[in-house]
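If you want the building blocks of each chain, they are given just below.
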Amino acid sequence: MTLKGFSGAVSVNNPRDKLVFDGINSNKERSMGAEASQKVIFRRKPSVSVSVLLISLVLLQITAATVGEPKSDLQGKREDLFSSTSKLEDLVEHELQIVELLETFVDYTVNRANIVKSYIKSQKQFLLSGRSHPREIVGHPVDAYLLVRRLTADWEDVQLSLQAISNYSTGVSNWIEGFRKGTNFPQADDLNGAAQALVRLQDTYQLDMPSLAQGNVMPSQQLSAENEQAFKSTSQLSARDMLFMGRHALSQGLYHRAIDWLQHAEILANNEHNSSVVLSEISPSLQNAIEAHDDVLERQGPRGVSWKTNPIPINPELANSAKYSLNTSTTFHVKLYQRQTEEEEAEHFLRLCRGENIRPPVLTAALKCRLKRDSSPYLLISPLKIEEQSHDPYVVIVHDFITNSQADEIIKLGKPKLFRSRHRHHQDEVMDVVSHKRVSQNAWIKDWEHPLMNKITRRVHLVTGLKAIQPKEAEDYQIANYGLGGLYVPHTDHLMNNPDKSIYSPWERFVGDRIATLMIYLSDVDAGGATVFTRAGITLWPEKGAAAFWWNLDKSGIGDDNTRHGACPVLHGNKWVSNKWIRFNEQFRTASCGRHPLDKHKRP
Ligand SMILES: O=C(O)CCC(=O)C(=O)O
Ligand SMILES: [Fe+2]
């Protein structure tokens, strides 16, 4: 999608295409249009590159044989890492391995360098004798002897040390290179994805930016003494990081956030002891952001599908104009059970993600928690704990749907198979688009792959009364792990929305649309990561072992768009879910049809 109001066009929906960590300076950013279409660059200060260079030079020590050959665990195409916290976990282990090797290397190198140093020292000592002419030096038999010794026996040691450092260094550097290639190491798109995640989290949860930069991700009103420690990082962002975030915010059309990041980058650069970035690099970006902010606000207003600004311009002259003298703050109108514009939906999504209650009491007053034991003798001993979340659409949480150890077991089964999530392209219904609408990785598990999955399918049937054996009655289990700031923007789970059913595959037509969703939360999430229904105004908080259940189709098989829902960005912790999508056609004997075509299912 492009943003008008710039002299150039801004790609805001797919910024990763444009944002590259390539070490090139960004002089182009002086023009507003260029700012948006240019790459967002995380350039280190030269001193860092020099130290990196020095480290590589110093790396001279282990022989390849000492270090051994790295093992390759990467098959096929590279998948990004930021879209799954499970994949990021591996990085911690990988970095540890490299650092251990570097430590051994540095110790070894320092020992060898000390031999060279003592050679230098003994030569310097020699000069202290005060005899400056070579003739005088060699005139002393001890000094003459030592001169010869240094250049024979001692020299051998020096040479061996230099050789050893060089071999070791080549070995280490080859090993690390092999390791990087053999394992999935992060690349520029991961760095950009991670920066976008921070910008998204700050915007979604309205985090206080300076506090976020200090490593605190908890909104201050939710901070208590005991959770402060858990949500506080021991590390902080540098001024250069903030400049990077500012540029990302700008490329995502979050103009007011960009200004915030860049202003704080300036403050920090002024205060940083050994500043990570010079002010002259931040100021043009800040100037651009301010101009772009005011320009977009003037031409397009403060809110759109792909941009946000403050309600009034930054430039005081513009801000004083009559246009902004009225109270122009953007007010939010709750709009439930109706078609929402993209922008309205995005606003409902954000508010529900933050936990705002936007439903009137009339919708929530009749909701109950109940024990259900009537549908099977099994339930007499252990009834289902049902918490109604909404009557229309009918959404319930089944507490303790599975046990914690079963949830862990499912994660274990899915983990090795995780792949970047794809979704259908809504216009042409083409499957498999990697997208930024869904920052997660997923895996599929069949019922027969593990006895546990069969057992859970029987429980799905017990709880819902629906037949759920794959492939005809339901799909395989989809296991999803969200990434950094991982989210899934609002969508419906039913897929066959187009009245022209001939566009769907014969298999899809055979099994029918997704009549219902049963989604198991396989983990708790420390903060964020709720499932929210944008038209129905519902927020479901993840609870390990619980299942959310809702009907996507009414009794006649028509999709209910009031089930539009999405997954909020994960603010802290990890989020794992497993979806079981149950198909329509095989349910004709179990799911009753209604007298009226729009009758809705209401169970369990
Ligand atoms: O993870 C969530 O909370 C929702 C996931 C979802 O809607 C989906 O996978 O279709
Ligand atoms: Fe969904």
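Owing to the predicted nature of the structure, the values given are computational and were not obtained by experimental measurement. (Residues numbered from 1 in each chain as written. Chains lettered and ligands numbered in written order. Predicted model: local features only at pLDDT ≥ 70, side-chain atom pairs only at ≥ 80, totals over all residues. Heavy atoms only, no water.)

What about the overall build of the chain?
In step 1: Across its full length, the chain holds 19 helices and 21 strands.
In step 2: Burial statistics for the chain: of 604 residues in total, 48% are counted as buried.
In step 3: Here the analysis covers contacts within the chain between residues at least 6 apart in sequence; of these, 72% occur between residues at least 24 apart.
In step 4: Carbon and sulfur atoms form 56% of the exposed surface of the chain, whose accessible area is close to 30000 Å². (Helix = DSSP H or I, 4+ residues; strand = E, 2+ residues; numbered from the N terminus. Buried < 20%, exposed > 50% of the residue type's maximum accessible area, 1.4 Å probe, protein only. Contact = heavy atoms within 4.5 Å. Areas by Shrake-Rupley, 256 points an atom, 1.4 Å probe, with all protein chains shown as cover.)

Considerations on the pattern of salt bridges
In step 1: One pass over the structure, following the stated rule, counts 25 salt bridges.
In step 2: The salt bridge partner of Lys 417 is Glu 449, with a shortest N-O separation of 2.7 Å. Remark: Glu 449 occurs in the loop between strand E11 (440-445) and helix H18 (451-464) and Lys 417 occurs in the loop between helix H17 (404-414) and strand E8 (419-420); sequence separation between them is 32 residues.
In step 3: Take Lys 417: its relative accessible area is 35%, and that puts it in the partly exposed class.
In step 4: Overall, Glu 449 belongs to the partly exposed group, its relative accessible area being 35%.
In step 5: Where Asp 447 meets Lys 580, a salt bridge forms, and the shortest distance between an N and an O atom there is 3.2 Å. Of the two residues, Asp 447 sits in the loop between E11 and H18 while Lys 580 sits in strand E21 (residues 576-583), which places them 133 residues apart along the sequence.
In step 6: Given the relative accessible area of 2%, Asp 447 is considered buried.
In step 7: Via salt bridges that share partners, Glu 347, Arg 351, Arg 354 and Glu 356 belong to a single interconnected network. (Salt bridge = Lys/Arg side-chain N within 4 Å of Asp/Glu carboxyl O.)

Notes on the sheet that holds strand E7 (residues 394-399)
In step 1: Reading across the sheet, the 9 strands line up as E5-E6-E7-E18-E14-E21-E12-E11-E8 and stay open at both edges, with antiparallel pairing between neighbours. Looking at the sheet topology across the chains shown, the edges are occupied by strand E5 (369-372) and E8.
In step 2: Of the pairings in the sheet, the one linking strand E14 (residues 514-521) to strand E18 (residues 547-551) comprises 5 bridges and is antiparallel in character. By the bridge assignment, Ala 516 is partnered in E18 with Trp 551.
In step 3: Packing against the sheet, H18 makes contact with strand E6 (384-391), E7, E11, strand E12 (477-482), E14, E18 and E21, and its axis sits at approximately 100° to E12. (Pairing = 2+ DSSP bridges. Axes fitted to C-alpha atoms, helices over the stretch in contact; angles between N-to-C directions.)

Regarding the coordination of the iron ion (ligand 2)
In step 1: Bound to the iron ion (ligand 2) on the protein side are His 491 (NE2), Asp 493 (OD) and His 565 (NE2), at distances that span 2.1 to 2.2 Å.
In step 2: Counting gaps between the donor residues of the iron ion (ligand 2) yields the pattern H-x1-D-x71-H.
In step 3: For His 491, a relative accessible area of 13% gives the class buried.
In step 4: What makes Asp 493 buried here is its relative accessible area of 4%. (Donors = N, O, S within 2.8 Å, 3.2 Å for Na, K, Ca; no water.)

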